[in-house]
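Given next are the chains, with one letter for each unit.
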Amino acid sequence: MSKRIVITGFGVKVPNGENNKELLHHLISGEYKFSIRNEITPNREDLLIGEVVQGLGELEGKHFRALPRIAKLAICTIWEALEMAHLDLGDDGTSTGIFMGTTMGGTTPLEEMVWISSADKFREMPVYCCGLVHYHSLAASVSSFFHLKGITKTVTTGCTAGVEAVEDAMMYLQNGKINTAIVGAADSSNNKVTVFGFGKIRALPFNQQAEYAGSPFSKRSKGFLLSEGAACLILETEEHALARNAAIYGYIDAVVTNNDAESINGHDRTGSSMKQAVSSVLGQRIPDYYNSQAMGYAANDSIEDIVSRDIFGHGVPLTSVKRLIGHPFSASGLAQIIASLLGFQHQFVPRTIRTDQWGFEHLPLITETLLKPSAEVLITSHGYGGNNAAVYLTKS
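Residues numbered from 1 in each chain as written. Predicted model: local features only at pLDDT ≥ 70, side-chain atom pairs only at ≥ 80, totals over all residues. Heavy atoms only, no water.

With respect to the overall build of the protein chain
A tally of regular secondary structure across the protein chain gives twelve helices and twelve strands. Since a compact globule built from 396 residues should have a radius of gyration of about 21 Å, the 20 Å found for the protein chain is in line with a globular shape. Taken across its 396 residues, the protein chain has 60% of its residues classed as buried. Residue pairs at least 24 apart in sequence account for 78% of intrachain contacts in the protein chain once pairs closer than 6 positions are excluded. Accessible surface, the protein chain: about 16200 Å² in total, of which carbon and sulfur atoms supply 51%. (Helix = DSSP H or I, 4+ residues; strand = E, 2+ residues; numbered from the N terminus. Rg over C-alpha atoms; globule rule 2.2 N^0.38 Å. Buried < 20%, exposed > 50% of the residue type's maximum accessible area, 1.4 Å probe, protein only. Contact = heavy atoms within 4.5 Å. Areas by Shrake-Rupley, 256 points an atom, 1.4 Å probe, with all protein chains shown as cover.)

If you want it as structure tokens, here you go:
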């Protein structure tokens, strides 16, 4: 019998949710605030963007200047998760694994390094430049900051990277190589490179009214809300958690991932592989609701519509938190999980805010906060490059 994997702590730092308490408040109230940026768009168009605006504490100091921003965001969420878990990592931390996901890595510092090198300003290149732009600096930063010498891995599978970091951690936990895992994801790419790239495929809502930009399940939306952020889960085997009398906030019952195998430029719009992942993770079960990745980008939202139709016959309520937090790439799947964990804890179902549901009127979309308990939730995630991920999250 495989070991059950439990969540004993979690932390988050995303727009309109820079810690668990703040995310809980905004999930229930529906209040939100995004920034308008035009200096990073091709023709000075206005673009709504999600930014982490609160400070990063001691990590802002010169002593930590060699850490990329994504690492600092991740460390903030790990602090919160460890405190919640009341977890003693031990002397060398070899029984604790670190699994971090990122989609874009250090694109903002990379943009700066390219400018310095293109201008032949060698003296201005920081000696720690390689660490700022290296993908694995995310997990390595966590390892060095918390003095953990065990398994340390960075997953870079696009927007599903956070969920796939969970999948990797579960395999190590279930085969007994570790008993605890710090699993997180972070991205911070609110820059010209990212905006130009996604702008080229018309995935960003340039010059669109804030009312419609990034609205899940609305055909009036012209694209997703780019944002930054991080999220973290503390995973343990149930046996280890019970032995130390830890509070258990939820169970990762199953994770299934696959790839469309069609193109590096996008994904399969028929949703075939996403449906396979969802069917596999469900088995014969029906969740209380499903927390989708819908984010106001037609290619993604249509796949979630297909899943709702073909798997559930539009009979299971669904929601999306993307109009609240934007789309922080790899961190989004973990943020969805945390939103549902907060729902377990405080007996509510997160709603989809700021959508008129135009073109998706047939969906059983949750647009008002439901003050009722839930016990089983499907989480979906998919991304550019074709990876798909589905998580089955249970309260017990």
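A look at the nonpolar core
Core analysis: the biggest nonpolar cluster contains 51 residues, and Ile7, Phe10, Val166, Leu233, Leu235, Ile252 and Ile337 have the highest contact counts within it. It is helix H12 (residues 331-346) that provides the largest number of residues to this core, a total of nine residues. One finds Leu67, Ala74, Leu82 and Leu87 within the second-largest nonpolar core, a separate group that totals 30 residues. (Core = buried A, V, L, I, M, F, W, Y, C linked by side-chain atoms within 4.5 Å.)

Considering the state of the cysteines
Scanning the entire structure with this criterion turns up zero disulfides. Cys129 provides the cysteine sulfur closest to Cys130, a residue in no disulfide bond, and the two sulfurs are 4.1 Å apart. (Disulfide = S-S within 2.5 Å.)

Topic: helix H10 (residues 298-312)
Between its terminal C-alpha atoms H10 stretches 20 Å, which fits the 21 Å expected from 15 residues at 1.5 Å a residue. Inspection of H10 places Ala299, Asn300, Asp301, Ile303, Glu304, Asp305, Ile306, Val307, Ser308 and Phe312 among the buried residues, and these make up the whole buried set. Looking at the buried residues of H10, the elements they touch are helix H9 (272-282), strand S9 (289-291), strand S10 (318-319) and strand S11 (376-382). One or two residues past the end of H10 sits Gly313, with phi positive at roughly 60 degrees. (Expected span 1.5 Å × (residues − 1).)

Describing the packing of aromatic side chains
Within the structure shown, the criterion is met by 13 aromatic pairs. Pairing Phe217 with Phe360 gives two aromatic rings, centres 5.4 Å apart and planes at 65 degrees, and the pair type is edge-to-face. On the criterion of sequence distance, the pair formed by Phe217 in the loop between helix H7 (192-200) and strand S7 (229-237) and Phe360 in the loop between H12 and S11 is long-range, its members being 143 residues apart. What makes Phe360 buried here is its relative accessible area of 6%. Of note, Lys219 hangs over the ring of Phe360, and the distance from its end group to the ring centre comes to 5.7 Å. If you follow Arg285 out to its NZ or CZ, it ends over the ring of Tyr392, 3.9 Å from the centre. (Phe/Tyr/Trp six-rings, centres within 6.5 Å; stacked < 30°, edge-to-face > 60°. Lys NZ or Arg CZ within 6 Å of the ring centre and 35° of its normal.)

A look at H12
The terminal C-alpha atoms of H12, which comprises 16 residues, lie 22 Å apart, in line with the 22 Å expected from a rise of 1.5 Å per residue. Counting buried positions over the 16 residues of H12 gives 14, a clear majority of the element. Just downstream of H12, Gln347 is the residue with a positive phi angle, here 55 degrees.

Let's talk about the environment of Phe224
Take Phe224: it is sitting in the loop between H7 and S7. The spacing of Phe224 and Arg202 is 22 residues in sequence and 9.8 Å in space, taken between C-alpha atoms. If we ignore the near neighbours within four places in the chain, the residues touching Phe224 are Phe198, Ala203, Leu204, Pro205, Gly214, Met295, Gly296, Tyr297, His327 and Phe329.

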